[in-house]
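Summary of structural features
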Amino acid sequence: MELKTRKRLSILILVIGMPAYVVVAVSLMNWLDGRFGRQPIWVELLIYIALGVVWALPFKRVFRGVGKG
């Protein structure tokens, strides 16, 4: 994939995909809270850390080398 295409795709992912993923992640946490009750803070922290890492894994190839000229 060309650098120009990766840059445009990365901007699209960050501007549209990231806010959509945040909505999905918060909705998931609200569902877990409603279904199982409030979790201990360390469990919630681990879930948020996992969700923060998981979103980037499919896009690793797109973001690699975008900041380089």
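Presented here is an overview of the structure given in this document. (Residues numbered from 1 in each chain as written. Predicted model: local features only at pLDDT ≥ 70, side-chain atom pairs only at ≥ 80, totals over all residues. Heavy atoms only, no water.)

1. With respect to the overall build of the protein chain
When its secondary structure is counted, the protein chain shows three helices and zero strands. Tracing the protein chain from N to C terminus, the helices and strands come up as α-α-α. A compact globule built from 69 residues should have a C-alpha radius of gyration of about 11 Å, whereas the protein chain, at 16 Å, is more than 25% larger. In terms of principal-axis extent, the alpha carbons of the protein chain reach across some 50 × 20 × 15 Å. Going through the 69 residues of the protein chain one by one, you find that 16% of them count as buried. (Helix = DSSP H or I, 4+ residues; strand = E, 2+ residues; numbered from the N terminus. Rg over C-alpha atoms; globule rule 2.2 N^0.38 Å. Buried < 20%, exposed > 50% of the residue type's maximum accessible area, 1.4 Å probe, protein only.)

2. A closer look at the side chain of glutamate 44
Within the element layout of this structure, glutamate 44 appears in helix 2 (residues 41–54). Among the residues examined, glutamate 44 registers a relative accessible area of 12% and is labelled buried. A polar contact of 2.7 Å, which involves the side chain of glutamate 44, links it to the side chain of arginine 38. In this structure glutamate 44 touches Met29, Arg38 and Gln39, once residues within four positions along its chain are discounted. (Polar contact = N/O pair within 3.5 Å; in protein donor to acceptor, adjacent residues only side chain to side chain. Contact = heavy atoms within 4.5 Å.)

3. A word on the packing of aromatic side chains
By the definition in use, this model includes two aromatic pairs. Look at tryptophan 31 and phenylalanine 36: their rings are 6.2 Å apart centre to centre, the planes differ by 85°, and that puts the pair in the edge-to-face class. According to the relative accessible area criterion, phenylalanine 36 is exposed, its value standing at 54%. With a centroid separation of 6.1 Å and an interplanar angle of 75°, the aromatic rings of tryptophan 55 and phenylalanine 63 are classed as edge-to-face. Judged by relative accessible area, which is 19%, tryptophan 55 ranks as buried. (Phe/Tyr/Trp six-rings, centres within 6.5 Å; stacked < 30°, edge-to-face > 60°.)

4. Let's talk about the packing of helix 1 (residues 3–36) against helix 2
At a minimum axis distance of 11 Å, the contact between helix 1 and helix 2 shows a crossing angle of 155°. With respect to their mutual orientation, helix 1 and helix 2 come out roughly antiparallel. Regarding helix 1 and helix 2, the two cross each other, and that crossing is right-handed. Residues Tyr21, Ala25, Leu28, Met29 and Leu32 of helix 1 touch helix 2, and the partners they reach there are Glu44, Ile47, Tyr48, Leu51 and Val54. Residue classes in the contact of helix 1 with helix 2 are distributed as nine nonpolar, no polar and one charged. (Axes fitted to C-alpha atoms, helices over the stretch in contact; angles between N-to-C directions. Parallel < 35°, antiparallel > 145°, perpendicular 65-115°, else oblique. Left-handed = near helix turned anticlockwise from the far one by under 90°. Nonpolar A, V, L, I, M, F, W, Y, C, P; charged D, E, K, R; others polar.)

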